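Single-letter residue listing:
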Amino acid sequence: QVHVVESGGGLVQAGGSLRLSCAASGSISSIRAADWYRQAPGKQRELVATINDGGSTIDADSVKGRFTISRDNAKNTVYLQMNSLKPEDTAVYYCYVIVGRATGYWGQGTQVTVSS
């Protein structure tokens with residue numbers, strides 16, 4: 001059994017910063033790769049950032065230069081540093097981790113609200 005828990009969401013003013021954490025625990029030795037997604041009300045879930053097992057990252061154009069995905073292998077934790085937040089970044093943010101033979105697990109999500 002693998003558990004994935006996001007944390008760090010909250011309410012912040014436009015221009016502010018938040019750091020989201022995604023911790024994986026249970027029957028895993030390490031996270032192979034991980035994604036951060038977000039879903040705003042009435043919209044489809046969209047991919048925000050990806051980090052692979054080599055540490056390479058890909059960011060969506062909408063967050064490029066503002067968001068940074070990183071990982072701490074010793075803690076089986078993935079982070080999303082979000083700077084220069086905009087009201088349109090308001091969404092529930094989800095973490096998706098890939099472990100073992102490419103099995104993926106979702107977290108429950110964490111709400112990020114950016115006020116103007």
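Bear in mind the structure is a predicted one, so any value in this text is a computation, not a measurement.

Conventions we followed
Residues numbered from 1 in each chain as written. Predicted model: local features only at pLDDT ≥ 70, side-chain atom pairs only at ≥ 80, totals over all residues. Heavy atoms only, no water. Buried < 20%, exposed > 50% of the residue type's maximum accessible area, 1.4 Å probe, protein only. Helix = DSSP H or I, 4+ residues; strand = E, 2+ residues; numbered from the N terminus. Contact = heavy atoms within 4.5 Å. Disulfide = S-S within 2.5 Å.

*Asks:* Honestly, unusual backbone geometry in this entry has me stumped. Any pointers?
*Replies:* Positioned with a positive phi, N76 is a non-glycine residue whose angle comes to about 50°. Residue classification places N76 among the buried positions, given a relative accessible area of 13%. Within the chain, A102 stands out as a residue other than glycine whose phi angle is a positive 65°. Its place among the elements puts A102 in the loop between β9 (91–99) and β10 (103–106).

*Asks:* Sorry, what's going on with the environment of S56 here?
*Replies:* Tracing the backbone through its elements, the reader meets S56 in the loop between β5 (46–51) and β6 (57–59). With 14 residues separating them in the primary sequence, S56 and S70 have C-alpha atoms 9.2 Å apart. Apart from residues lying up to four places away in sequence, S56 is in contact with T50 and I51.

*Asks:* Looking at this structure, I do not really get the state of the cysteines. What am I missing?
*Replies:* Put plainly, a disulfide is one covalent bond tying together the sulfur atoms of two cysteines. Enumeration according to the criterion identifies one disulfide in this entry. A sulfur-sulfur distance of 2.0 Å marks the disulfide that ties C22 to C95. Between C22 and C95 the sulfur-sulfur dihedral comes to about -80°; the bridge is accordingly left-handed. Taken together, the positions of C22 in strand β3 (residues 18–26) and C95 in strand β9 put the pair 73 residues apart, joining distant regions of the chain. Taken individually, C22 and C95 each receive the classification buried, so the pair is uniform in this respect.

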